Amino acid sequence: MKIDKFKVEKWFNKYEKDAVYDLADTCVESLSIDELLELVGGRESHINEIFSRKLNYGAIHGSERLKNAICTMYKNQSAENITITHGAIGANHLVMLTLVEPGDKVVSIVPTYQQHYSIPKSFGAGVKMFFLEEKNNWLPDLEKLEKIVGQDTKLICINNPNNPTGAVIPDEMLVKIVEIAKKANAYILCDEVYRGLNHSGNPFCESVVDIYDKGISTGSMSKVFSLAGLRLGWIAVDQNIMEQINSQREYNTISVGILDDYFAALAIENKDKIIARNLAKIATGKKILTDWVKSEPKVRLVTPQGGTTAFVYYDAPLSSVELCKRLQEETGVMILPGETLEMDKYLRIGYGNNFEQLKKALNIFSEWL
Ligand SMILES: Cc1ncc(COP(=O)(O)O)c(C=O)c1O
């Protein structure tokens, strides 16, 4: 089956290995197993537990312990509403594989992770891309959205908090989006891989699955828990839809690694500690970034409210691809061009990692500009 090139992933494959300063990463500095065990405590007993485990398939849809831990991040979900996947990337793919058929109409709110428009397109759906605008603080204009979501829309794809803009849809606005979907009887797939990283107030914004019976939430260990290497994610959804999803899942997952399941459960049970660590890092990185934006006349930014990325506008007479290519070749600073997210003249900057590098790289970028 033909599918468009995944532009962000291609860019990473090509440029990440040679980056001296990597400002493209979307994770908060990853944890080692040692650091995780230090944070959660009880190191010896965990080591004994891990080493004595038989490496069988484990629980097919994920252990009860893990699914129960995931439920603590939702208001109204129980273990039967959760299935464990190969990262959020596997979760999103499975949802679309289950729901989208040739001729369906899908509305995808962009900029977003490319899965949300290229996969349904590859399945033969008609995909309408609904572009967020900087002048609206990267939040959807609901009147316009309502017009684009017609009666025949099967699925609306959202990413909240948003990568790349860092915008967080206010809870009352999410309710209105659900009302729009309800009128069309459409599903909403909300990629909530950054949910748990709101910069102020409750770190968890509202989840679509808690307020809509056709709302589907996907999440993972990669961003909020700094454990991308576990390659573990989940889908939270109403049980009827879950049954259909699991029928597809039997063909491509069986189960995830039992060690991944174990570490994920441990991390989520200690989510307050890990999220506090990560929000502190994000606050430091965000301050460095926003101070730089204030001092650099050629850029502007809507300050991110959640997640780990910012979408910076630049004023220079070259495309974002050209800019990022030349910047990296000439200085070693890696930034992700907006064109890979379908929006030229913007750059995605990740600010949750290595603050010395971030500071240095932004100064180098200013001189280069
Ligand atoms: C919005 C979004 N969804 C999904 C993913 C994939 O996440 P995972 O590493 O859990 O597969 C990413 C990774 O960058 C992402 O930014």
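Residues numbered from 1 in each chain as written. Predicted model: local features only at pLDDT ≥ 70, side-chain atom pairs only at ≥ 80, totals over all residues.

**Overview of the overall build of the protein**
Scanning the protein from N- to C-terminus turns up 14 helices and 13 strands. For the protein, the C-alpha radius of gyration of 20 Å lies close to 21 Å, the compact-globule estimate for 369 residues. Taking the principal axes of the C-alpha coordinates as reference, the protein spans close to 55 × 55 × 40 Å. Split into buried and exposed, the 369 residues of the protein put 48% on the buried side. (Helix = DSSP H or I, 4+ residues; strand = E, 2+ residues; numbered from the N terminus. Rg over C-alpha atoms; globule rule 2.2 N^0.38 Å. Buried ≥ 20, exposed ≤ 12 C-beta atoms within 10 Å, placed from the backbone.)

**Description of the site of the ligand**
Of all residues adjacent to the ligand, which total 13 residues, the nearest are Gly87, Ala88, Ile89, Ser220 and Ser222. It is helix H5 (residues 87–99) that contributes the most residues to the shell around the ligand, three residues altogether. In terms of residue class, the shell around the ligand is made up of five nonpolar, seven polar and one charged. (Near = placed C-beta within 6 Å. Nonpolar A, V, L, I, M, F, W, Y, C, P; charged D, E, K, R; others polar.)

**Quick word on the domain arrangement of the protein**
Looking at the protein, the domain boundaries give domain 1 (7–33 + 273–368) and domain 2 (43–270). The C-alpha-based centres of domain 1 and domain 2 are spaced at 25 Å. Taken together, the 29 residues of domain 1 in the interface contact 31 residues of domain 2. If one sorts the elements of the side of domain 1 that touches domain 2 by residue count, helix H12 (residues 271–295) sits on top with seven residues. Counted by class, the side of domain 1 that touches domain 2 contains 15 nonpolar, eight polar and six charged residues. (Domains from an automatic or database assignment. Contact = placed C-beta atoms within 7 Å.)

**Considerations on the environment of Gly257**
Structurally, Gly257 can be placed in the loop between helix H10 (239–252) and helix H11 (258–269). Its 16 C-beta neighbours within 10 Å are what place Gly257 among the partly exposed residues.

**Examining H5**
For H5, spanning 13 residues, the distance from its first C-alpha to its last is 19 Å, which sits close to the expected 18 Å at 1.5 Å a residue. In terms of residue burial, H5 counts as a mostly covered element, since eleven of its 13 residues are buried. (Expected span 1.5 Å × (residues − 1).)

**Description of the nonpolar core**
Of all hydrophobic cores here, the largest spans 77 residues; its most connected members are Ile188, Ile216 and Ala267. Looking at which element gives the most residues to this core, the answer is H5, with seven residues. Split by domain, this core shows at least three residues from each of two domains, domain 1 (7–33 + 273–368) and domain 2 (43–270). Apart from residues lying up to four places away in sequence, Ala267 is in contact with Leu36, Met221, Phe225, Leu227 and Ile274. Residues Val8, Leu347, Ile349 and Leu358 belong to the second largest nonpolar core, which totals 29 residues. (Core = buried A, V, L, I, M, F, W, Y, C linked by C-beta atoms within 7 Å.)

**Some words on the sheet that holds strand S3 (residues 105–110)**
Sheet architecture is open: seven strands sit in the order S2-S8-S7-S6-S5-S3-S4, paired in mixed fashion. Of all strands in the sheet, those with a lone pairing partner are strand S2 (82–85) and strand S4 (126–131), marking the two edges. Within the sheet, the average angular offset between the axes of one strand and its neighbour, ignoring direction, is 20°. Looking at chain direction, strand S5 (residues 153–159) and strand S6 (residues 187–191) are connected through five bridges and run parallel. Within the sheet, the bridge partner assigned to Asn159 lies in S6 and is Asp191. (Pairing = 2+ DSSP bridges. Axes fitted to C-alpha atoms, helices over the stretch in contact; angles between N-to-C directions.)

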